[in-house]
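Summary of the model geometry
So you can see what is in the structure, the chains are spelled out below.
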Amino acid sequence: MIQVEEVYKAFGPNRVLRGCTLDVQDGETLTVIGGSGSGKSVTLKLMLGLLKVDRGHIIVDGQDITQMGEDALSSVQRNFSYVFQGGALFDSLTVGENVAFGLRQLGQRNSEDIKKIMKEKLALVGLQGIEWLKPSELSGGMRKRVAIARSIAMSPKYLFYDEPTTGLDPIMADVINDLIVDLHNKLGQTGVVITHDMRSAYKISSRIAMLYEGKIIQIDTPQNIQNSTNPIVHQFVTGSAQGPIQMKVRAYD
C-alpha cells in the first residue's frame, strides 16, 4: 500500500499541502477530488517521488521514499506508471512505438517480446491493428487509450491517472471510465486517480478522498461521498456556487 503521513509541501508562499494524510490500499482504485489548485497533482507527484516533501513521510510497500537516495527511489518508481492528462504521446513516433517506448528504454526484453506485449496491450484497450498510425491520426479518445496502453505495458503495480476524462465528450468519457474499470478487474492493479469529473469518480472508484486546504477532509465510498453531510464535500460534489468553499485562483494543482 501507499501511505501519505502528515505531508507538507509549499512553493514559495503558496502552502499547497498542510498535513495531508491518506492511504491507498492494495487492489483498490482511490480517486482524489478537489478544486483547481488544491494540490491533487502535487500529491500524485509526491507519491511518485517526482517532488520532495517539505515535511512528513510517504511509505510505499513499507519503504519510506522520502529518505531514499536516487538509485533506491528509481527502483521503487519502476512499480508505477502514469497516464498523463493530455496523453503525452510522442508525435514523431507511431502508436506502436509509443506503447513500446518504456519497454525499450529498460532494455530488458528482446524485440519480439516487446512487439508481442505492445499488440497485447493495444488489444486490451480495444485498438487492434493501429500500431502503424501516428498520434495525429487519432481521435482524442483513441489517444487517451494509447496512453493507457503505454502505461500498462510496463505491468506496474500502481497505475496513476491524471484527469483521464478531461477534454472528452460525455460518451467517450464514459468509454474511458468503462475501460478503467475493465482493466482494473482484469489486471488487478492498484489505481490512483485525480479528477474533477464526479460522474467518473463515482463509477471507477473503490473510495474517494476530498482534498481541501491542504488536507484530506473525508475519505469514503462513492455512495457515502455522494451523500456526505460535510458541507464542503457536499458543495463540491453537487457543483453548487453557494457554500463554504471560497473560490481562489492558485498557481499550483
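Because the structure is predicted, anything quoted here is derived from the model rather than measured.

This next bit is on the pairing of strand 9 (residues 207-212). Of all six residues making up strand 9, six are buried, and the element is well covered by its neighbours. Residue alternation in strand 9 divides its side chains into two sets, Arg207, Ala209 and Leu211 and Ile208, Met210 and Tyr212, and both sets are buried. As paired strands, strand 9 and strand 10 (residues 215-220) are joined by five bridges and run antiparallel to one another. Bridge pairing in strand 10 links Ile208 to Asp220.

The next point concerns the environment of Ser136. Inspection of the secondary structure assignment puts Ser136 in the loop between helix 4 (111-124) and helix 5 (140-152). The spacing of Ser136 and Tyr158 is 22 residues in sequence and 29 Å in space, taken between C-alpha atoms.

Let's shift gears to the pattern of salt bridges. Should their charged atoms come close, side chains of opposite charge can pair. Under the definition given, this model contains eight salt bridges. Among the salt bridges present, the one from Asp182 reaches Lys186, with a minimum N-O distance of 3.1 Å. Of this pair, Asp182 and Lys186 both sit in helix 6 (residues 170-187), four residues apart, which is roughly one turn of that helix. Among the residues examined, Lys186 registers a relative accessible area of 52% and is labelled exposed. Salt bridges here are not isolated pairs; linked through shared partners, they connect Asp23, Glu28 and Arg207.

Before going further, it helps to spend a moment on the layout of surface pockets. Computed from the structure, the largest pocket encloses a volume of approximately 760 Å³. Forming the walls of the largest pocket are 25 residues, and the residues nearest its centre are Gln77, Phe80, Ser81, Gly102 and Met154. Looking at the lining of the largest pocket, the elements that each hand over two or more residues are helix 1 (40-48), helix 2 (70-77), strand 6 (80-83), helix 3 (95-106), helix 4 and helix 5. Broken down by element, the residue count for the lining of the largest pocket peaks at five residues, all from helix 3. Residues that form the lining of the largest pocket fall into these classes: 12 nonpolar, eight polar and five charged.

Attention now goes to helix 1. Most of helix 1 is tucked away: eight of the nine residues are buried. One or two positions beyond helix 1, positive phi appears at Gly49, with a value near 80 degrees.

In this section: the sheet that holds strand 7 (residues 158-162). One open sheet holds the six strands; their spatial order is 6-7-8-3-9-10, and the pairing between them is mixed. Either end of the sheet is taken by a strand with one partner, and the two such strands are strand 6 and strand 10. Direction aside, the axes of adjacent strands within the sheet are offset by 20 degrees on average. Here helix 1 sits on the sheet and contacts strand 3 (29-33), strand 6, strand 7, strand 8 (190-194) and strand 9; the angle it forms with strand 7, its principal contact strand, is near 155 degrees. Sheet strands touched by helix 9 (residues 231-238): strand 3, strand 9 and strand 10. Its angle to strand 9, the strand with the most contacts, is close to 105 degrees.

This next bit is on the environment of Glu97. Along the chain, the position of Glu97 falls in helix 3. Accessibility expressed as a relative area gives 39% for Glu97, which makes it partly exposed. Spatially, the C-alpha atoms of Glu97 and Glu131 are 7.6 Å apart, while their sequence positions differ by 34 residues.

Helical geometry: 3.6 residues make up each α-helical turn, so side chains three or four residues apart lie on a common side. Among the residues of helix 9, Ile232, Val233, Gln235, Phe236 and Val237 are the ones counted as buried. Elements in contact with the buried residues of helix 9: strand 3, helix 7 (198-204), strand 9, strand 10 and helix 8 (222-226). Capping the start of helix 9, Asn230 holds a side-chain oxygen 2.9 Å from the backbone nitrogen of Ile232, two or three residues further along. Two residues or fewer past helix 9, Gly239 is found with a positive phi of approximately 70 degrees.

Taking a probe equal in size to a water molecule and rolling it over the atoms shows the remaining empty space. Summed over all chains, the structure comprises three cavities of 30 Å³ or more. Approximately 70 Å³ is the volume found for the largest cavity. Around the largest cavity, the lining residues are Thr29, Leu159, Tyr161, Ile180, Leu183, His184, Gln189, Thr190 and Gly191. Those elements that place two or more of their residues in the lining of the largest cavity are strand 7, helix 6 and strand 8. With three residues, the top contributor of residues to the lining of the largest cavity is helix 6. A class-by-class count of the residues in the lining of the largest cavity yields four nonpolar, five polar and no charged. For the second largest cavity, the calculated volume is near 50 Å³.

Each value, and the rule that gives it
- Residues numbered from 1 in each chain as written.
- Predicted model: local features only at pLDDT ≥ 70, side-chain atom pairs only at ≥ 80, totals over all residues.
- Heavy atoms only, no water.
- Buried < 20%, exposed > 50% of the residue type's maximum accessible area, 1.4 Å probe, protein only.
- Helix = DSSP H or I, 4+ residues; strand = E, 2+ residues; numbered from the N terminus.
- Pairing = 2+ DSSP bridges.
- Salt bridge = Lys/Arg side-chain N within 4 Å of Asp/Glu carboxyl O.
- 1 Å grid on protein atoms, 1.4 Å probe; cavity = no way out; pocket = protein on both sides within 12 Å on 5 of 7 lines; lining within 4 Å.
- Points joined across faces, edges and corners; volume = space filled by probe spheres on them.
- Nonpolar A, V, L, I, M, F, W, Y, C, P; charged D, E, K, R; others polar.
- Axes fitted to C-alpha atoms, helices over the stretch in contact; angles between N-to-C directions.
- Contact = heavy atoms within 4.5 Å.
- Polar contact = N/O pair within 3.5 Å; in protein donor to acceptor, adjacent residues only side chain to side chain.

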